[in-house]
Amino acid sequence: MKCSDSDFACFYDLRRFGATGDGVTLDTAALQQAIDCCHEAGGGTVLVPAGTYLTGTLYLKSHVTLHLSAGATLLGSPRREDYNADDVFPENPVFTVENVTGAHLILAYQAEDVAITGEGTIDGNSSAFFEPLPPEEVTTTYRSKTRNFPIGEWRPGMMVYFCRCTKVSVRDVSLVDSPYWTLFLLGCEKVQVRGLRITNPPQTANGDGIDIDCCRDVTISDCIICSGDDSITLRGHSALLGENAQPCEQVTVSNCVLSTPCNAVRVGVGDGIVRDCLLSNLIIKESRTGINLICAYSERSAHGTTLENLHFENVLMDSVNLIKLALGRTAKLPAAIRNVSFSHMRALGREGMYFAGNPGLPLSGVRLHDVHLRLTGSAVDAEYAQKTPPVHGGGGVPAGLFVRHAEHLRVSGMEVEWEEVGGGWQHAVMIEDSQNVVIADLEATAPPTAPDNEVVHCTRVSDLRVRPVPGTQSE
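The written sequence of each chain sets the order in which its residues are numbered from 1. Given that this is a predicted model, residues contribute local features only at a pLDDT of at least 70 and side-chain atom pairs are listed and counted only at 80 or more, while totals for whole chains, interfaces and linings are drawn from all residues. The side-chain quantities take in all heavy atoms of the structure and omit both hydrogens and water.

The helix count covers DSSP runs of H or I at least four residues long, the strand count covers runs of E at least two residues long, and both are numbered beginning at the N terminus. Of regular secondary structure, the protein possesses 1 helix and 32 strands. The size measure is the radius of gyration over C-alpha atoms, and the globule rule it meets is 2.2 Å times the number of residues to the 0.38 power. Its C-alpha radius of gyration of 24 Å places the protein within 12% of the 23 Å reference for a compact globule of 475 residues. Its C-alpha atoms put the protein at 80 × 45 × 35 Å along the principal axes. Each residue is assigned to one of three classes by its accessible area relative to the maximum for its type, calculated with a 1.4 Å probe on protein chains only: buried under 20%, partly exposed between the two thresholds, exposed over 50%. Sorting the 475 residues of the protein into buried and exposed places 60% on the buried side.

With that settled, consider the packing of aromatic side chains. Any two rings among Phe, Tyr and Trp, with Trp reduced to its six-membered ring, count as a pair given centres within 6.5 Å; such a pair is stacked if its planes are under 30 degrees apart, edge-to-face if over 60, and tilted if neither. A complete count under the given rule lists 14 aromatic pairs for this structure. Relative to Trp 181, the ring of Phe 95 has its centre 5.8 Å away and its plane inclined at 45°; by these criteria the two rings are tilted. With Phe 95 in the loop between strand 7 (72–76) and strand 8 (106–109) and Trp 181 in the loop between strand 13 (174–176) and strand 14 (183–186), this pair connects stretches of sequence that are 86 residues apart. On the accessibility criterion, Trp 181 (5% relative accessible area) is buried. A connected cluster of aromatic rings, assembled from ring pairs, spans Phe 89, Phe 95, Tyr 109, Tyr 161, Tyr 180, Trp 181 and Phe 184. Directly above the aromatic system of Tyr 297 lies the positively charged group of Arg 266, at a separation of 3.9 Å from the ring centroid. Comment: the charge-over-ring label is applied if NZ (Lys) or CZ (Arg) is within 6 Å of the ring centre and within 35 degrees of the ring normal.

The next subject is the state of the cysteines. When two cysteine sulfur atoms lie within 2.5 Å, the pair is treated as a disulfide. All told, the structure shown has 0 disulfides when counted by the stated rule. Residue Cys 256 stays outside any disulfide, its sulfur separated by 4.6 Å from that of Cys 223, the closest cysteine. For Cys 256, a relative accessible area of 1% corresponds to the buried category. Unpaired in terms of disulfides, Cys 277 finds its nearest cysteine sulfur in Cys 248, a separation of 5.4 Å.

With that settled, the discussion passes to the nonpolar core. Residues Phe 162, Phe 342 and Phe 355 are the most contacted members of the largest nonpolar core, which totals 119 residues. Here this core gets 8 residues from one element, more than from any other, and that element is strand 24 (residues 306–326). Residue contacts follow a heavy-atom distance rule, with two residues in contact if any of their heavy atoms lie within 4.5 Å. Non-local contacts of Phe 355, meaning those with residues more than four positions away in its chain, are made with Ile 323, Leu 325, Phe 342, Leu 363, Val 366, Leu 368, Leu 401, Phe 402, Val 403 and Arg 404. In this description, a nonpolar core means a group of buried Ala, Val, Leu, Ile, Met, Phe, Trp, Tyr and Cys residues linked to one another through side-chain atoms lying within 4.5 Å. Counting residues in each nonpolar core, the second largest holds 14 residues, with Met 158, Leu 186, Cys 214 and Leu 240 among its members.

This part is about the confidence of the model for the protein. Looking at any residue, its pLDDT shows the predictor's confidence there, from 0 to 100. This prediction gives the protein a mean pLDDT of 92; 93% of its residues lie at or above 70. Here residues 1–8 is modelled with pLDDT under 50, and outside its nearest four sequence neighbours on either side it reaches 5 contacts, counting other chains as well.

Salt bridge, as applied in this entry: a Lys or Arg side-chain nitrogen positioned within 4 Å of an Asp or Glu carboxyl oxygen. Tallied over the entire structure, the rule returns 21 salt bridges. We note a salt bridge from Asp 13 to Arg 15, for which the minimum N-O separation is 2.9 Å. Look at Asp 13 and you get buried, because its relative accessible area is 17%. The closest approach of N and O atoms between Arg 143 and Asp 318, which form a salt bridge, is 3.3 Å. Note that Arg 143 is positioned in the loop between strand 10 (121–123) and strand 11 (160–163) and Asp 318 in strand 24, a separation of 175 residues in sequence. With relative accessibility at 22%, the residue Asp 318 sits in the partly exposed group.

Let us look at the environment of Met 414. Within the secondary structure, Met 414 is located in strand 29 (residues 406–421). For Met 414, a relative accessible area of 0% corresponds to the buried category. Sequence spacing of Met 414 and Cys 226 is 188 residues, and the spatial spacing of their C-alpha atoms is 29 Å. Excluding residues that lie within four positions of it along the chain, Met 414 makes contacts with Met 353, Val 371, Leu 373, Leu 401, Val 429, Asp 441, Leu 442 and Glu 443.

Glancing now at the pairing of strand 27 (residues 363–377). Here, strands pair whenever DSSP counts at least two bridges between them. Strand direction decides the pairing type here: strand 25 (residues 336–351) and strand 27, joined by 10 bridges, are parallel. Its bridge partner lying in strand 27, Arg 338 is registered against Ser 364. Relative to strand 29, strand 27 runs parallel, the two sharing 12 bridges. Bridging across to strand 29, Ser 364 finds its partner in Glu 407.

In this structure, Thr 57 sits in the loop between strand 4 (51–55) and strand 5 (58–59). Between the C-alpha atoms of Thr 57 and Leu 258, which are 201 residues apart in sequence, the distance is 28 Å. Not counting residues within four places of it along the chain, the set of residues in contact with Thr 57 comprises Thr 28, Gln 32, Asp 82, Tyr 83, Asn 84, His 104, Leu 105 and Leu 107. Under the rule applied, a polar contact is a pair of N or O atoms within 3.5 Å (in protein, one hydrogen donor and one hydrogen acceptor; residues adjacent in sequence only if both atoms are side-chain atoms). Within the local environment of Thr 57, its side chain forms a polar contact with the backbone nitrogen of Asn 84, the two atoms lying 2.8 Å apart.

Let's shift gears to unusual backbone geometry. Omega for the peptide link from Leu 333 to Pro 334 comes to 10°, which places this bond in the cis form. With respect to the secondary-structure elements, Pro 334 resides in the loop between strand 24 and strand 25. A positive phi angle, near 50°, is found at Asp 177, a position not held by glycine. Looking at the element boundaries, Asp 177 is found in the loop between strand 13 and strand 14. Residues other than glycine seldom take positive phi values, yet Val 269 does so here, at roughly 80°. Relative to the helices and strands, Val 269 resides in the loop between strand 22 (263–268) and strand 23 (273–294).

Attention now moves to the side chain of His 104. Considering the arrangement of structural elements, one finds His 104 in the loop between strand 7 and strand 8. A polar contact of 2.9 Å, which involves the side chain of His 104, links it to the backbone oxygen of Gly 102. Residues in contact with His 104, not counting those within four places in the same chain, are Thr 57, Tyr 83, Asn 84, Asn 92, Gly 157, Met 158, Met 159 and Tyr 161.

This part takes up the environment of Leu 74. Note that Leu 74 resides in strand 7. Along the sequence, Leu 74 and Ala 50 sit 24 residues apart, while their C-alpha atoms lie 10 Å from each other. The residues touching Leu 74, leaving out its near neighbours within four places in the chain, are Leu 31, Val 48, Tyr 53, Thr 55, Leu 58, Leu 66, Leu 68, Leu 105, Ile 106, Thr 121, Ile 122 and Asp 123.

This is the structure we're talking about:
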């Protein structure tokens, strides 16, 4: 099959390559032949018509668009032998600690001008790799879960994986039931992700939505993501790329709706750099944690990620915990968090916001502007407190905003509203061990159940400027 010179674009109909689309017959060979022919002819579109195509690993190649028509489904095979080997290329991660292989359903490596489009579905067939839970442990809410599905004999890794690719587009398709991360991009440039519908059961172990790692010039927009783990992540795991390491930078995320029993937005991981990113017009609903930025996620990091010039604006949030911004216990130079802002935010939460640097390594240049917090319940959520950094000897965050080890902090136009709160709350704002702090135009009262009437409580804070706030105490 070849395109004539007069063709504007080359279309390769999968049915002409012998695919059955019956959901039972393995169609990997037909799918791959269509992709290879399209690539060898100089590029074009592989058209997947309506039907269910059982498949193992597909290798997407340069100048090829894989277009899934409405009613078309690519269904992941349950057999390990139908997928790529773990060592398919040097940058392929195998996170054995998470009981996962290096197998992928769709894989593109060092490709240029590649795309997945259409109204169809990519189905990772996660139920083939997980054991069921008792009915009483299966929840439909994404706010929390009792535990994950037990993992069977094996499971694939990232369902759709682009590595060191340029000019990547993933548009309009549905990505469902991934047994691990759903869409992973590592070391890519000029990426557009738009209009995706990602749905994984909340009990999916490590069931991330979109993971952007060491990529530059990326746009993510108009996506609806219900994930079993982090919905969207910006990562700096530069070690995976070796000598080709690069920052994760110039990323915009906009017009997305996110739900998860983990973090709706997570930034960090690794020892690289995440910088110059804008996340706006987000609705975070039915989630455990809204936004989580952390430099040193685990002790496996040498020093932690540098996070700088990150800005969140126009966010509506309903989550247990609102924002966590922290270096992490093991972070050290050159890791840092600097120039991070949150503006035009309306949030309902059951835990306060937690901002924490480390002694000798403070947060720098954090700004909050036009932030309205509506806080309800106890300051110590029963499920979340175990993972919340201890404050004053206990779990939970006892203030709408708790800050420790920060410099050049600016809070302006912030409102704190209390709604049916329990006895764990102490103040609207608490700041410790910080310097050069400005609080302006705060509209808040002390929690109605607090033992005193302090709205703002500051301890060991130098160069503090408060533009009048009632009930402020400094030590």
